[in-house]
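# Structural features, examined
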Amino acid sequence: MEEKVQFKAEIRQLLDILIHSLYTEREIFLRELVSNASDAINQLRFEQLTNQNVHDKDAELAITLTVDPDEKTLTIKDSGIGMTAEQLQENLGTIARSGARAFLDAAAERGEDASDIIGRFGVGFYSVFMVADEVRVTSRSFQPDAEAATWISDGGDEYSIVSADQQERGTTIVIKLKEDATEFAEFFKIRQIIKQHSDYVEFPIYVVKANPGEDEAAPEPVNQQTALWRKSPREVEAEEYKSFYQQLTFDFQEPQHTIHYVADAPVQLYSLLFIPTSAEPGMMSIRREDGLKLYNRKVLIQEYTKDLLPEYFRFVRGVVDSEDLPLNVSRESVQASPIMGKLKSTITKKILRELKGLAKDTEKYTTFWESLGIFLKEGVATDPEQVEKLLPLLRFKSTTETEAWTSLADYVERMSDGQDAIYYILGDDAQSVQRSPHLDYFRKNGYEVLLFSDPVDPFMMQNASEFDGKAFKNVAAADTELPEATADAADEAKEDALEDASMAEVLVRFKSQLGERVEDVRTTDRLSDSPARLVDPEGAMNQEMQRMYRMMEREFEAPKKILELNPSHPIVKKIASLSSSAALLDVLIDQVYDNALLIEGLHPDPASMIARIQQLMQAVES
Ligand code: ADP
Ligand code: MG
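Reading the values: the criteria
- Residues numbered from 1 in each chain as written.
- Chains lettered and ligands numbered in written order.
- Predicted model: local features only at pLDDT ≥ 70, side-chain atom pairs only at ≥ 80, totals over all residues.
- Heavy atoms only, no water.
- Phe/Tyr/Trp six-rings, centres within 6.5 Å; stacked < 30°, edge-to-face > 60°.
- Helix = DSSP H or I, 4+ residues; strand = E, 2+ residues; numbered from the N terminus.
- Buried < 20%, exposed > 50% of the residue type's maximum accessible area, 1.4 Å probe, protein only.
- Lys NZ or Arg CZ within 6 Å of the ring centre and 35° of its normal.
- Contact = heavy atoms within 4.5 Å.
- Axes fitted to C-alpha atoms, helices over the stretch in contact; angles between N-to-C directions.
- Parallel < 35°, antiparallel > 145°, perpendicular 65-115°, else oblique.
- Nonpolar A, V, L, I, M, F, W, Y, C, P; charged D, E, K, R; others polar.
- Domains from an automatic or database assignment.
- Buried area = accessible area lost by both parts, 1.4 Å probe.
- Salt bridge = Lys/Arg side-chain N within 4 Å of Asp/Glu carboxyl O.
- Polar contact = N/O pair within 3.5 Å; in protein donor to acceptor, adjacent residues only side chain to side chain.
- Patch = residues over 30% accessible without salt bridge, like charges linked within 9 Å, V, L, I, M, F, W, Y side chains within 5 Å.
- Areas by Shrake-Rupley, 256 points an atom, 1.4 Å probe, with all protein chains shown as cover.
- Lys, Arg positive; Asp, Glu negative; His and termini not counted.
- Charge placed at Lys NZ, Arg CZ, Asp CG, Glu CD.
- Expected span 1.5 Å × (residues − 1).
- Pairing = 2+ DSSP bridges.
- Arc of directions from axis to C-beta.
- Near = heavy atom within 4 Å.

### Some thoughts on the packing of aromatic side chains
Counted under the stated rule, the structure contains 23 aromatic pairs. Residues Trp229 and Phe244 carry aromatic rings whose centres are separated by 6.0 Å and whose planes lie at 65° to one another, so their mutual orientation is edge-to-face. Here Phe244 lies in helix α6 (residues 238-249) and Trp229 lies in the loop between β8 (205-209) and α6, a separation of 15 residues in the sequence. Each of the two residues, Trp229 as well as Phe244, counts as buried. Centre to centre, the rings of Phe313 and Phe315 are 5.9 Å apart; their planes meet at 85°, and the pair counts as edge-to-face. With relative accessibility at 0%, the residue Phe313 sits in the buried group. According to the relative accessible area criterion, Phe315 is buried, its value standing at 2%. Arg31 extends its terminal NZ or CZ atom over the ring of Phe250, reaching a point 4.1 Å from the ring centre.

### With respect to the environment of Tyr270
Mapped onto the fold, Tyr270 is located in strand β10 (residues 269-275). As for Tyr270 and Leu61, which are separated by 209 residues in sequence, their C-alpha atoms are 23 Å apart. The contacts of Tyr270, once residues within four sequence positions are left out, are Trp229, Arg230, Tyr261, Val262, Val319, Val320, Asp321 and Glu323.

### Side note on the packing of helix α16 (residues 500-514) against helix α19 (residues 585-599)
Across the interface, α16 lies against α19 with an axial gap of 10 Å and an inter-helix angle of 80°. By the angle between their axes, α16 is roughly perpendicular relative to α19. For the pair α16 and α19, contact is made by Arg509, Phe510, Gln513 and Leu514 and by Leu585, Asp586, Ile589, Asp590, Val592 and Tyr593, respectively. The residue inventory of the contact of α16 with α19, partitioned by class, reads six nonpolar, one polar and three charged.

### Digging into the environment of Ser160
Mapped onto the secondary structure, Ser160 falls in strand β6 (residues 158-163). Taking the C-alpha atoms as reference points, Ser160 and Ile117, separated by 43 residues in sequence, lie 30 Å from one another. Apart from residues no more than four positions distant in its own chain, Ser160 is found in contact with Glu2, Glu3, Lys4, Thr150, Trp151 and Ile152.

### A look at the domain arrangement of the chain
Structurally, the chain comprises domain 1 (2-209), domain 2 (228-358), domain 3 (393-474) and domain 4 (487-621). Computed from C-alpha atoms alone, the centre-to-centre distance between domain 1 and domain 2 is 28 Å. Together domain 1 and domain 2 conceal approximately 1900 Å² of surface at their shared face, both sides included; 58% is due to carbon and sulfur atoms. When the buried area of domain 1 at its contact with domain 2 is split by residue, Phe46, Leu49 and Tyr200 rank highest and sum to 37% of it. Remark: the boundary between domain 1 and domain 2 carries zero salt bridges. Summed over the shared surface of domain 1 and domain 2, the result is five residue pairs in polar contact (both at pLDDT 80 or more). With eight residues, helix α2 (residues 28-50) is the largest single contributor of residues to the side of domain 1 that touches domain 2.

### A look at a positive patch on the surface
A surface patch of positive charge is lined by Lys349, Arg353, Lys356, Lys360 and Lys389. For Lys389, a relative accessible area of 46% puts it in the partly exposed group.

### A closer look at α2
Taking 1.5 Å of rise per residue, 23 residues should cover 33 Å, and α2 covers 35 Å from first to last C-alpha, within 8% of that figure. Taking burial as the measure, the 23 residues of α2 include 17 buried ones, the bulk of the element.

### Some details on the sheet that holds strand β21 (residues 562-565)
Strand order across the open sheet formed by three strands is β19-β21-β20, with mixed pairing between neighbours. Since the sheet does not close on itself, it has two edges, and those belong to β19 (520-523) and β20 (532-535), each with one partner. Put simply, the sheet's adjacent strands are angled 25° from each other on average, direction ignored. Note that β19 and β21 share four bridges and pair parallel. Within the sheet, the bridge partner assigned to Asp520 lies in β21 and is Ile562. Most of the contacts of α16 go to β19, to which it runs at about 160°, and overall it touches β19 and β21. Most of the contacts of α19 go to β20, to which it runs at about 55°, and overall it touches β20 and β21.

### A look at α16
For α16, built from 15 residues, the straight-helix expectation of 21 Å at 1.5 Å per residue is met to within 8% by its first-to-last C-alpha distance of 21 Å. The complete set of buried residues in α16 reads Met503, Val506, Leu507, Arg509, Phe510 and Leu514. Down the axis, α16 shows its buried residues gathered within 160° of arc, on one side only. Seen from the buried face of α16, the exposed residues on the opposite side, beyond 90 degrees, are Ala501, Val508 and Ser512. Along its buried surface, α16 packs onto β19, β21, α18 (570-577) and α19. Gly515 sits one or two residues past α16 and shows a positive phi near 50°.

### Points about the site of ligand 1
Every residue close to ligand 1 is listed here: Asn36, Ala37, Ala40, Asp78, Met83, Asn91, Leu92, Arg97, Gly124, Phe125, Thr171 and Arg288. The side chain of Asp78 places a nitrogen or oxygen atom 2.8 Å from a nitrogen atom of ligand 1. The contact in question runs from an oxygen atom of ligand 1 to an N or O atom on the backbone of Phe125, over 2.9 Å. Taken by itself ligand 1 offers 530 Å² of open surface, and the protein chains cover 84% of this. If one sorts the elements of the shell around ligand 1 by residue count, α2 sits on top with three residues. In the shell around ligand 1, the residues fall into five nonpolar, four polar and three charged.

### As for the side chain of Glu202
Position of Glu202 among the secondary structure elements: in the loop between α5 (187-197) and β8. Within the structure, the side chain of Glu202 is placed 2.7 Å from the side chain of Tyr295, a separation counted as a polar contact. If we ignore the near neighbours within four places in the chain, the residues touching Glu202 are Asn42, Arg45, Gln225, Lys293, Tyr295 and Lys298.

Dropping the structure here:
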């Protein structure tokens, strides 16, 4: 049998770049192939939990690298799950990896010098073409009646698949090295690379010579294969955690925080968890999905186990191993096992405790908060059970703390005498929220207000009712009672306010001009720097809900607002002073209303204001 198949255009493109690559750290290809071999053995071992009828069932689960400097070849062999001819074609004839695709996109942008950046992407199997003139992948599937086949490619337009006579289960990849890559046929070079990149691979990796001398001893595994998570935390060095993490994820950054947690009650578990520097997987990350690796007595049950963490902790990477899980589990039965629930709640509590500890170190916690804090807000929004534990972990900016992050405990500490609520405001972005007219009164009277402008904030505040016995209150809500005014501020406001009679006249002017656009127009004593603000009429849907609906793009009509005017503001006074037939009266009123809409983030069409603003500009007198 021989079948020739054209590579898809996409792969062709990838191959071209890899073949001509001048990338200096080409050894990453080995990491990719070893990780594929290890994946294949893990799959075999998992199959064996429920199926004894596998080919070659007593073969050692191992990876063997054979160097042959004379022939300039490197061979990598595993006793894993293997592939049939169809699987060879399917798996090696399509680009499955997101890393490879991301690389191609980046390459398209950079043109010629794409090869500089290869190392930042998980290119997968095809990375072998950085060092290979020809690659032969021979595989024999675990299925008892399968036949072996070989996939052959020199990186040209097509690959071929021919039948093979390999009897042993698993996959053997023979790499004919390029002239400038013969270092990868050197015994010590390969040993050193394995040690560096694949030390924690769970299966023994042997490095052997094609023609061993007579006095050559039987090979020993090169890697330590330790299940680091099963060690006592006291015995593990910081450096080991770091390299374990990097080998687990291929993230070139260090984790921000490492949690090595071994427990016997309420459930037995070994776990090694990492908080990465960012939730975006690094370009070269090997982990394609969120979720923890779940082991049962060292056997990998599931690579991406999402049920072990609440959704909002999905940025956590790592391994969980439990002896309490039933033996011979399938992936489906694992999900149904009550042990999973216990593991999840134990791990969740542990992470919360760790974050609480981390929060004592302001610098570290700031880094954490700025990179991943948004997930904790999501936690408040989605997990009512943990709200109490999550709230102290949140950090905020406020009207008085604009630079440093502040906590709720700090806020409460700073509260004025007699203040009994925690005030906050919701806005669309960090800048505009600070200019909100709703803040006037609070600023003037020295009350701190927390500033919320993340999209998740309204969802969060729907679920947060109080902290330390103090209720949260939205300063923009019509029914929020005002805290006491400080004496000076109150007097000042009264002194230069318009007389009631003129103010009544102003209200009439506004009502007749704005008509159906507003629910009502009235006077307020809450404003100082702003001429006007919009508030919801009583009984309207609250601000949080309105924002949530808007965010979810659910169809809803924002309730008509009440326009409140500041009787002390020069613009309002100006409007009072104009004659009722003044040319620009209507224009001014419209603009006051539009400004209020804009600051609330409610203006449907800000550009429509330009004509009016120009009209006002032309009216400026010299
Ligand atoms: P990934 O490992 O991310 O899936 P790769 O490009 O590294 O992507 O490999 C592509 C696919 O080829 C794998 O998903 C797997 O199905 C198959 N494969 C590669 N190497 C082996 C191997 N040694 N044994 C069995 N299957 C393999
Ligand atoms: Mg791979």
